[in-house]
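A structural walkthrough
This is what each chain is made of:
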Amino acid sequence: MTGLDTLRPRLPSPLQELSDPRFARQGVRLLLKRDDLIHPELIGNKWRKLAPNLTAAAGRTVVTFGGAYSNHLRATAAAGRLLGLPTVGVVRGDELADRPLNPSLARCAADGMRLHFVDRPTYRRKTEPDTLARVLRAADAEGAYVVPEGGSNTLAVRGCRALGEELSGRADVVAIACGTGGTLAGLAAGLAPDQRCLGVPVLRGGFLTADIKSLQHRAFGARRGAWALDDRFHFGGYARTTAALDAFATDFENRHGVPVERLYVAKLLYGLVTLAEEGAFTRGATLAAVVTGRPFP
């Protein structure tokens with residue numbers, strides 16, 4: 001795939017120190033790893049996961065998967081427009097096919113992504129070879145390059161290792177919000193041996209530990225890095241928020257002038273404030289929070 005260099009990503013992404021009394025009272029230094037500033041349209045971990053897959057696609061149509069509010073679908077559609085690459089988005093929920101597109105899917109369509117809606121039972125089986133083959137045929141996308149939901153595959157995990165390498169030696173603890181776990185799997189592998197990685201899942205279910213282990217085994221042959229998850233801050237699950245979370249995010253924005261994306265980043269920051277107040281971080285420690293996205297639209 002050619003042309004990725006013409007998009008001029010800002011790498012390494014900036015590392016910004018914040019003065020926040022909720023951390024300072026605990027003797028903790030807070031840094032933000034501003035992956036949201038890598039590229040105006042391929043934001044954060046989306047760049048890190050998509051770039052190696054777009055190279056592997058070598059000009060073929062890219063098919064990927066997501067729900068009605070998927071950041072990954074929007075990023076893939078934007079990449080297709082920027083690079084002149086055909087994209088197809090397989091969307092969970094065939095009941096959406098006859099409804100007006102929400103703003104997220106409308107952005108995908110405006111960027112040239114062809115949307116194909118499938119029923120939820122089929123979507124759950126999308127990784128099964130026979131089901132995937134049927135979906136590709138129905139979407140008129142046989143022979144396309146397939147990127148999994150959330151973009152988390154072996155290439156993506158290896159691509160995210162650079163994030164850990166950029167933070168090597170810069171913080172004692174690196175924290176990130178997790179959807180499919182691919183970014184954490186690569187990030188943890190790139191950190192130095194004396195650093196640890198904390199993941200804050202934004203989905204319910206407690207399944208990510210096994211998924212991340214599997215991703216690391218496929219990408220690196222073994223579990224890599226010191227990492228753990230805290231499942232307490234999903235606020236009801238993916239795309240779920242509460243008035244309290246929104247108020248927290250607005251307050252953080254007003255304090256620091258940093259836009260806070262609600263579905264991932266707000267949950268991460270809320271969790272880190274809670275953990276700091278619980279004394280989870282050693283006094284004198286440096287904590288780096290990865291900002292993986294910006295508010296939409």
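Placed above this text is the structure.
Residues numbered from 1 in each chain as written. Predicted model: local features only at pLDDT ≥ 70, side-chain atom pairs only at ≥ 80, totals over all residues. Heavy atoms only, no water.

**Brief notes about the pattern of salt bridges**
The tally for this structure, following the rule as stated, stands at 17 salt bridges. Two residues, Asp20 and Arg22, come together in a salt bridge whose shortest N-O distance is 2.8 Å. For Arg22, a relative accessible area of 8% corresponds to the buried category. For the salt bridge of Asp251 with Arg255, the shortest nitrogen-to-oxygen distance reads 2.6 Å. Of this pair, Asp251 and Arg255 both sit in helix H10 (residues 243-256), separated by 4 residues, roughly a single helical turn. Look at the salt bridges and you will find they share partners, linking Asp20, Arg22, Asp251 and Arg255 into a network. (Salt bridge = Lys/Arg side-chain N within 4 Å of Asp/Glu carboxyl O. Buried < 20%, exposed > 50% of the residue type's maximum accessible area, 1.4 Å probe, protein only. Helix = DSSP H or I, 4+ residues; strand = E, 2+ residues; numbered from the N terminus.)

**Describing the side chain of Asn53**
Looking at the secondary structure, you find Asn53 in helix H2 (residues 45-57). If sequence neighbours within four positions are ignored, Asn53 has contacts with Tyr145, Val147, Gly151, Asn153, Leu155 and Ala156. (Contact = heavy atoms within 4.5 Å.)

**Some points on the packing of helix H7 (residues 154-167) against helix H9 (residues 208-220)**
Two numbers describe how H7 lies on H9: the axes approach to 9 Å, and their chain directions differ by 85°. By the angle between their axes, H7 is roughly perpendicular relative to H9. Here Thr154, Val157, Arg158 and Arg161 of H7 come into contact with H9, specifically with Leu215, Arg218, Ala219 and Phe220. Broken down by class, the residue content of the contact of H7 with H9 amounts to 4 nonpolar, 1 polar and 3 charged. (Axes fitted to C-alpha atoms, helices over the stretch in contact; angles between N-to-C directions. Parallel < 35°, antiparallel > 145°, perpendicular 65-115°, else oblique. Nonpolar A, V, L, I, M, F, W, Y, C, P; charged D, E, K, R; others polar.)

**Some details on the side chain of Asn153**
Inspection of the secondary structure puts Asn153 in the loop between strand S6 (145-146) and H7. Residue Asn153 is classed as buried on the basis of its relative accessible area, which comes to 14%. Within the structure, Asn153 has its side chain in polar contact with the side chain of Asn53 (distance 2.8 Å). A polar contact is formed between the side chain of Asn153 and the backbone nitrogen of Ala156, at a distance of 3.0 Å. (Polar contact = N/O pair within 3.5 Å; in protein donor to acceptor, adjacent residues only side chain to side chain.)

**Points about the packing of aromatic side chains**
What characterises a pair of aromatic rings is the spacing of the ring centres plus the angle enclosed by the ring planes. A complete count under the given rule lists 6 aromatic pairs for this structure. Aromatic side chains Phe248 and Phe252 sit 6.3 Å apart centroid to centroid with 40° between the ring planes, which places their arrangement in the tilted category. A residue pair is termed a helical-turn pair when its members lie 3 or 4 positions apart in one helix, as Phe248 and Phe252 do in helix H10 at 4 residues. Taken as a pair, Phe248 and Phe252 share a single burial class, namely buried. Taken together through their ring pairs, the aromatic side chains of Phe233, Phe235, Phe248, Phe252 and Tyr270 make up a single cluster. Here the guanidinium or amino end of Arg92 rests over the ring plane of Tyr123, the centre of that ring lying 5.3 Å away. One Lys or Arg, Arg223, reaches over the ring of Trp227 and ends 3.8 Å from the middle of that ring. (Phe/Tyr/Trp six-rings, centres within 6.5 Å; stacked < 30°, edge-to-face > 60°. Lys NZ or Arg CZ within 6 Å of the ring centre and 35° of its normal.)

**Re the sheet that holds strand S8 (residues 196-201)**
Taking strand neighbours across the sheet as the criterion, the 6 strands line up as S1-S2-S10-S7-S8-S9 in an open arrangement whose pairing is mixed. Sheet topology places strand S1 (15-18) and strand S9 (226-229) at the edges, where each strand pairs with a single neighbour. Between one strand and the next, the sheet's axes are offset by a mean angle of 25°, whatever the strand orientation. When S1 meets strand S2 (residues 29-33), the two strands line up antiparallel, connected through 4 bridges. (Pairing = 2+ DSSP bridges.)

**Comments concerning a positive patch on the surface**
A surface patch of positive charge is lined by Arg124, Arg125, Arg134 and Arg137. Its location among the elements puts Arg124 in helix H5 (residues 120-124). (Patch = residues over 30% accessible without salt bridge, like charges linked within 9 Å, V, L, I, M, F, W, Y side chains within 5 Å. Areas by Shrake-Rupley, 256 points an atom, 1.4 Å probe, with all protein chains shown as cover. Lys, Arg positive; Asp, Glu negative; His and termini not counted. Charge placed at Lys NZ, Arg CZ, Asp CG, Glu CD.)

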